[in-house]
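Spelled out from the first residue to the last, the chains are:
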Amino acid sequence: MAVRATVSRFPIDADAQENSGLPWGVSVTPFASKDENGRPPAYGSDAHLLPRCEHCWAYFNSYCDLEHWAWTCALCGTLNGLSSKAIARFSNPESCPEMMSSFIDLELPDEGSGGEAMQARPVYVAAIDLSSSEEFLELTKSALLAALEALGPGSLFGLATFSHKLGLYDVQGPIPIVKNVFIPPDTEGTLPIELEDVMPLLQFLAPVETCKDRIEAALETLRPTTSWERTTAAGQGIDGILIGGRGFGVAMEALLNYLGSEYGSIFALARIFAFLSGPSDYGAGQLDTRRYGEQYASKGEDADRALLPEQTPFYRELAAVAVQAGVCVDIFAITNEYTDLASLKFLSIESGGSLCFYSSTDDSTLPQDMYRMLSRPYAFGCVLRLRTSTEFKPGRSYGHFFPDPQYENVQHIICCDSYATYAYDFEFANNVGFSRHAPGLPIVQIAFQYTVVVPPEELSSSVSSSRTEHSLKRRLRIRTIQFGTAQNFNELYDSVEPEVVLSLLVHKVILASLEQGVREGRALLHDWLVILTAQYNDAYKLVHYKNGASGTSLVDVAFSQCPQLQSLPRLVFALLRNPLLRLHEEGIHPDYRIYLQCLFSALEPSSLHCAVYPVLASYSTPDIQAYPRHSLSRAALITSGSPIFFLDAFTTLIVFYSSTADPTLPFPPPQDCLLRTTINELKQERCITPRLIFIRGGRDDATAFENYLIEEQDVDGSGLTSVMGFISFLEDVKQGVLEYLK
C-alpha cells in the first residue's frame with residue numbers, strides 16, 4: 001500500500017492551509033505490494049483479533065501506547081481495555097506484526113465450515129460486438145487469444161456476441177454451437193426469455209484448460225452482422241432515421257442477470273470483457289449520437305460542457321446491478337465513431353473495471369493490454385476506509401469506486417489491481433488545528449479489506465480433479481502513518497510533493513469540467529497557480545511596493561527560493577495543453593477526453609506526472625545516455641547537441657534521431673543496447689502497453705514527436721506554435737499575481 005501526501009509536513013491550522021495556496025491530501029494505492037519507499041508489509045494471521053478503539057474504531061497500531069491491561073488510541077486518545085486473547089497475543093511482541101510494523105497484512109479466518117463457503121472459480125465472459133467490421137473482429141480475436149494464454153487453470157470462460165440479437169456459445173461439445181435471442185427494438189424492452197432457459201450457465205461457462213481449442217475454434221466462426229440483417233431487424237427509427245443494430249445495453253443487462261444468479265456459488269468475482277465498435281444504438285440503453293455535431297454551433301451551446309455529462313442514467317443504474325451481481329465490467333471501445341463514453345463509462349469504473357479506448361485497429365495495443373491485465377494480481381470485494389486523528393478529517397474522495405450508502409468515508413471496490421489509485425482531500429475539523437507543543441502528531445490510518453484468489457496447490461500427490469479448486473483468502477491490510485507539522489510557510493513549501501499536488505489538481509479539474517465545463521476547469525487551474533504564486537511571494541516577502549505600485553520584475557513566478565515548487569508552473573502549463581483540458585474547437589474528440597479522465601483519475605502520481613509532462617532524455621549513442629531530462633522545447637534539442645532523443649509520454653514512447661545524427665548510428669536502436677533495455681523495462685512496469693514509435697529526423701514525419709514540444713506552443717491559442725509559449729504563460733501568471741495582490 002503506497003501512500004503519498006501533497007505535503008510531508010502538514011499545515012499547522014486552517015489559516016496556514018488556506019494561505020499556503022496548496023491542496024492538502026493524499027493519494028493511496030491500496031493493493032500495491034510495497035509502500036512508497038519499497039518496503040513490504042509485515043504479514044500475519046488472526047486479523048479478527050486485532051483490537052479496535054471503542055470510540056473511533058481505529059485499529060491498534062505501533063503508534064499506540066500499550067499498558068498491561070489497556071492501550072491508548074493514537075488517533076483519538078481513548079483508553080481501551082484489552083481482552084484476554086489480545087493480552088495473550090501481545091505477550092509475545094516478536095510474533096505480532098502490528099507491534100513490529102505500521103504496515104501490516106493479516107489474514108481473516110475463512111467463513112463457513114472448513115472454508116467451503118470460500119471456494120469459487122474465476123469466471124470471464126467476452127461480449128463481442130458483431131455490428132462491426134472484419135478488422136475489428138480480427139483484433140478482438142487476437143486479444144482473446146492473448147487473454148486465454150494469461151488465464152490460470154480452473155478458470156471458466158464464456159463467449160457471447162451482440163448486435164440486434166444476443167448469442168450464447170456452447171463450446172463444451174465437439175463443435176461450437178451458438179443460440180441466439182432477438183433483442184426487442186423498443187427503448188424499454190428486455191429480453192423475452194431468461195438466458196438460463198436459453199442455455200444453463202454451467203453449459204455456457206467452459207473450463208479453459210479442457211476447452212481452450214474449442215473456444216479458439218468458436219472465435220474463428222465470428223462474422224460481422226451484415227448491414228441487410230441489421231436494417232431489416234431494426235427498421236426505421238424516430239424521424240425516419242435508420243437505427244443501427246447494436247443492442248449493447250440489453251445484452252449487458254441480460255448477461256449481468258445471468259451471471260448474478262450464481263454469485264457466491266460458482267464464482268466470487270466474474271469479469272465481463274465488452275468489445276464495442278460503436279455506440280449502443282438499438283433497444284434499451286440506446287444513445288443519441290446526434291448530440292455530437294454541428295448543432296451546438298447553431299444553438300449557441302458549449303460543446304465542451306454539453307458532451308461531458310451522461311445523456312441517460314441507464315448505464316449508471318446498470319453499474320449498480322453489476323456491483324450487486326459481483327461482476328466487474330471492462331469496456332474496450334475500438335472505434336473512431338462517436339460512441340458517447342460519457343454515458344457508458346459508469347458501467348466500467350463503478351464496477352471496478354477499465355475503460356480502454358482505441359481510435360484505430362491498425363496500431364492498437366489491445367492484445368498486449370488484455371494479456372497484461374489478466375497476468376497481474378488483483379483483489380476483489382474490497383472495502384477501503386480512511387481514518388484520521390481528531391484535529392482533521394477526510395473531505396472529498398476521488399477514484400473508481402462506489403461509496404458506501406450507510407457509512408461515511410467507506411468506499412467499495414469490486415476489483416482492484418496493484419496500480420489502482422485513489423485520492424482524498426483533508427480539511428480541519430475545527431479552528432484549533434494541531435498544537436505547536438503537544439507531542440501528538442497528525443496520524444492517517446488506511447484499512448483495506450480484500451479477497452484474493454489462491455490458485456490450486458501444484459502438489460505431486462494432488463488428483464487432477466482437485467487442481468481446479470481455487471480457494472479464496474480474505475485479508476486486512478492496514479497502514480498507519482504519522483506526519484510532522486510545518487511551523488511556518490518555509491517548512492510547508494519545502495515539504496511539497498509536486499507529483500501528488502498534480503494528482504489532486506487533476507481530480508479537481510476533472511470534477512470541475514464535468515460539472516461546469518472544460519473552460520471552467522481550465523480557469524480553475526490557472527487561478528490556482530496565480531493564487532499559489534501570490535501566496536508564495538507574500539510568504540517570502542518578495543514583492544515590494546513603491547509609491548503604491550509594484551514592478552512585475554519583482555514577482556518571482558519561477559519559485560527560485562523553493563526548489564520543491566519549481567516544477568509546478570511547467571506541470572500546470574502542460575496540463576492546460578493536454579487533450580484532457582483542450583477545447584472542443586481544437587479538434588479534441590469527446591470520447592478521447594472521457595478516456596483520459598478515466599485513465600488519469602486512476603494513475604498513481606509518478607505515472608500521471610509522466611502522462612502530463614513527458615520525460616525527454618538524450619543519448620550520445622544507443623548505449624550511452626547523455627542527459628536524463630530536458631525541458632520540452634526545440635531549444636533543449638538544439639543546445640544539447642545529442643543525436644538521439646527518447647520521449648516517454650506514458651501511453652506513447654518515441655525514439656527520435658535528429659536530422660544531424662551520424663548516419664553510422666544504428667537505426668532503429670539494436671535490441672541489446674541500453675536504450676532498448678530502458679524501453680523494455682518501462683513497457684514491463686506500465687499498467688497499459690505504450691505505443692513505440694521510431695522517427696528519423698529529416699526523413700520521416702516528425703509531427704508525433706514535435707507535438708510533445710509544448711513549451712513553444714501558446715497555451716491559450718488554437719494550437720498554432722508560438723516561440724513564446726511557456727514564457728508568455730509565465731508573464732500572464734505574473735500579471736495575474738499583481739492583480740491578485742492589489
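Residues numbered from 1 in each chain as written. Predicted model: local features only at pLDDT ≥ 70, side-chain atom pairs only at ≥ 80, totals over all residues. Heavy atoms only, no water.

### Describing the environment of phenylalanine 357
Going by this rule: Each helix corresponds to a stretch of at least 4 residues labelled H or I by DSSP, and each strand to a stretch of at least 2 residues labelled E; elements are numbered beginning at the N terminus. Any pair of residues with heavy atoms lying within 4.5 Å of one another is described as a contacting pair.
With respect to the element layout, phenylalanine 357 can be found in strand β16 (residues 355–358). Linking phenylalanine 357 and asparagine 336, residues 21 residues apart in sequence, is a C-alpha distance of 9.5 Å. Ignoring any residue separated from it by four or fewer positions in sequence, one finds phenylalanine 357 in contact with Ala333, Thr335, Leu341, Asp591, Tyr592 and Tyr595.

### Regarding the sheet that holds strand β31 (residues 691–696)
Inclusion rule: If DSSP finds at least two bridges between two strands, the strands pair. Axis lines are fitted to C-alpha atoms, over the contacting stretch for helices. Their N-to-C directions set the angle, which ranges from 0 to 180 degrees.
What the five strands build is an open sheet, ordered β28-β27-β29-β30-β31; its pairing is mixed. Either end of the sheet is taken by a strand with one partner, and the two such strands are β28 (624–630) and β31. For this sheet the average axis-to-axis angle between neighbouring strands, irrespective of direction, equals 20°. Where helix α22 (residues 674–685) meets the sheet, it contacts β27 (615–621), β28, β29 (644–648), β30 (652–657) and β31, and its direction lies at approximately 5° from that of β29.

### Looking at the sheet that holds strand β19 (residues 402–403)
Sheet architecture is open: seven strands sit in the order β4-β8-β23-β22-β17-β20-β19, paired in mixed fashion. Each edge of the sheet is formed by a strand with only one pairing partner; in this case those strands are β4 (42–44) and β19. Across seven bridges, the pairing between strand β17 (residues 378–388) and strand β22 (residues 443–454) is antiparallel. Note on β22: the bridge partner recorded for leucine 384 is phenylalanine 448.

### Some points on the pattern of salt bridges
Put simply, the rule is: Whenever a carboxyl oxygen of Asp or Glu lies within 4 Å of a side-chain nitrogen of Lys or Arg, that contact is scored as a salt bridge. Exposure categories follow from relative accessible area, calculated using a 1.4 Å probe and restricted to protein chains: below 20% of the type maximum is buried, above 50% is exposed, and the middle band is partly exposed.
Scanning the entire structure with this criterion turns up 23 salt bridges. Here arginine 477 and aspartate 105 are joined by a salt bridge, their closest N and O atoms 2.9 Å apart. With arginine 477 in strand β23 (residues 471–482) and aspartate 105 in strand β8 (residues 103–107), this residue pair connects regions lying 372 residues apart in the sequence. Its relative accessible area of 4% is what places arginine 477 among the buried residues. The class for aspartate 105 is buried, based on a relative accessible area of 3%. Where lysine 212 meets glutamate 149, a salt bridge forms, and the shortest distance between an N and an O atom there is 2.7 Å. Remark: glutamate 149 occurs in helix α4 (residues 134–150) and lysine 212 occurs in helix α7 (residues 208–220); sequence separation between them is 63 residues.

### Looking at unusual backbone geometry
Cis geometry is adopted by the peptide bond preceding proline 668, which originates at phenylalanine 667 and carries an omega value of -10°. Relative to the elements of secondary structure, proline 668 occurs in the loop between β30 and α22. Phi at aspartate 340 takes a positive value of approximately 60°, unusual for a residue other than glycine. Position of aspartate 340 relative to the elements: it lies in the loop between β15 (327–334) and α13 (341–349).

### Things to note about the side chain of serine 364
Here is the rule: Pairs of N or O atoms are called polar contacts if they sit within 3.5 Å, as long as, within protein, a hydrogen donor faces a hydrogen acceptor (for residues adjacent in sequence, only side-chain-to-side-chain pairs).
Mapped onto the elements, serine 364 comes out in the loop between β16 and α14 (366–375). From its side chain, serine 364 meets the backbone nitrogen of leucine 366 in a polar contact 3.1 Å long. Leave out the neighbours within four places in its chain, and serine 364 touches Leu139 and Tyr358.

### Some details on helix α24 (residues 725–741)
Quick reminder of the rule: One less than the number of residues in a helix, times 1.5 Å, gives the span that helix is expected to have.
The terminal C-alpha atoms of α24 lie 25 Å apart, and with 17 residues this matches the ideal 24 Å at 1.5 Å per residue to within 8%. Residues Gly725, Phe726, Phe729, Leu730, Val733, Lys734, Gly736, Val737 and Leu738 constitute the buried set of α24.

### Notes on the environment of leucine 738
For leucine 738, the position within the fold is in helix α24. Residue class for leucine 738 comes out buried when judged on its relative accessible area of 10%. C-alpha separation for the pair leucine 738 and valine 555, spaced 183 residues apart in sequence, amounts to 8.0 Å.

### A short note on the packing of aromatic side chains
Applicable threshold: To pair, rings of Phe, Tyr and Trp, with the six-membered ring standing in for Trp, must have centres within 6.5 Å; the planes then decide the type, stacked if under 30 degrees apart, edge-to-face if over 60, and tilted in the middle. Two limits define a charge over a ring: the Lys NZ or Arg CZ must be within 6 Å of the ring centre, and within 35 degrees of the ring normal.
All chains considered together, the criterion is met by 39 aromatic pairs. With a centroid separation of 5.4 Å and an interplanar angle of 70°, the aromatic rings of phenylalanine 31 and tyrosine 450 are classed as edge-to-face. Of this pair, phenylalanine 31 sits in the loop between β3 (25–29) and β4 while tyrosine 450 sits in strand β22, and the two are 419 residues apart along the sequence. Across this residue pair, the class does not change: phenylalanine 31 and tyrosine 450 are buried. Connected via pairs of aromatic rings, a cluster forms that spans Phe10, Trp24, Phe392, Phe426, Phe428, Phe434 and Phe483. Directly above the ring of tyrosine 59 sits arginine 52, whose terminal nitrogen or CZ lies 4.2 Å from the centroid. Here arginine 271 stacks its cationic end above the ring of tyrosine 378, 5.3 Å away from the centre of that ring.

### A closer look at the packing of helix α17 (residues 518–539) against helix α18 (residues 568–577)
Note the threshold: Angle categories are assigned with fixed cut-offs, so that under 35 degrees is roughly parallel, over 145 is roughly antiparallel, 65 to 115 is roughly perpendicular, and the rest are oblique. Here the term charged refers only to Asp, Glu, Lys and Arg, the term nonpolar to Ala, Val, Leu, Ile, Met, Phe, Trp, Tyr, Cys and Pro, and the term polar to all other amino acids, Gly among them.
Where α17 meets α18, the axes come as close as 10 Å, and the angle between the chain directions of the two elements is 170°. Between α17 and α18, the crossing angle belongs to the class labelled roughly antiparallel. Listed contacts from α18 to Arg522, Leu525, Trp528, Leu529 and Leu532 of α17 are Leu568, Pro569, Val572, Leu575 and Leu576. Of the residues that constitute the contact of α17 with α18, the class distribution is nine nonpolar, no polar and one charged.

### Here we look at the nonpolar core
Quick reminder of the rule: By nonpolar core is meant a set of buried Ala, Val, Leu, Ile, Met, Phe, Trp, Tyr and Cys residues that side-chain atoms within 4.5 Å join together.
Of all hydrophobic cores here, the largest spans 157 residues; its most connected members are Phe10, Leu195, Phe248, Leu259, Ile272, Phe600 and Phe705. Looking at this core element by element, the count peaks at nine residues for helix α9 (residues 248–260). Apart from residues no more than four positions distant in its own chain, phenylalanine 248 is found in contact with Phe162, Ala274, Leu276, Ser280, Tyr315, Ile331, Leu344 and Leu347.

### Some points on the pairing of β16
The side-chain alternation of β16 yields two buried faces, one formed by Leu355 and Phe357 and the other by Cys356 and Tyr358. The pairing of β15 with β16 spans four bridges and is classified as parallel. Considered in β16, the bridge of isoleucine 334 is made with tyrosine 358.

### Describing the confidence of the model for the protein
The criterion, for reference: Every residue gets a pLDDT, meaning the predictor's confidence in that residue, from 0 to 100.
Overall, the predicted model of the protein reaches an average pLDDT of 86, with 88% of residues at or above 70. Across residues 458–467, where pLDDT falls below 50, the model places six contacts with residues more than four positions away in sequence or in other chains.

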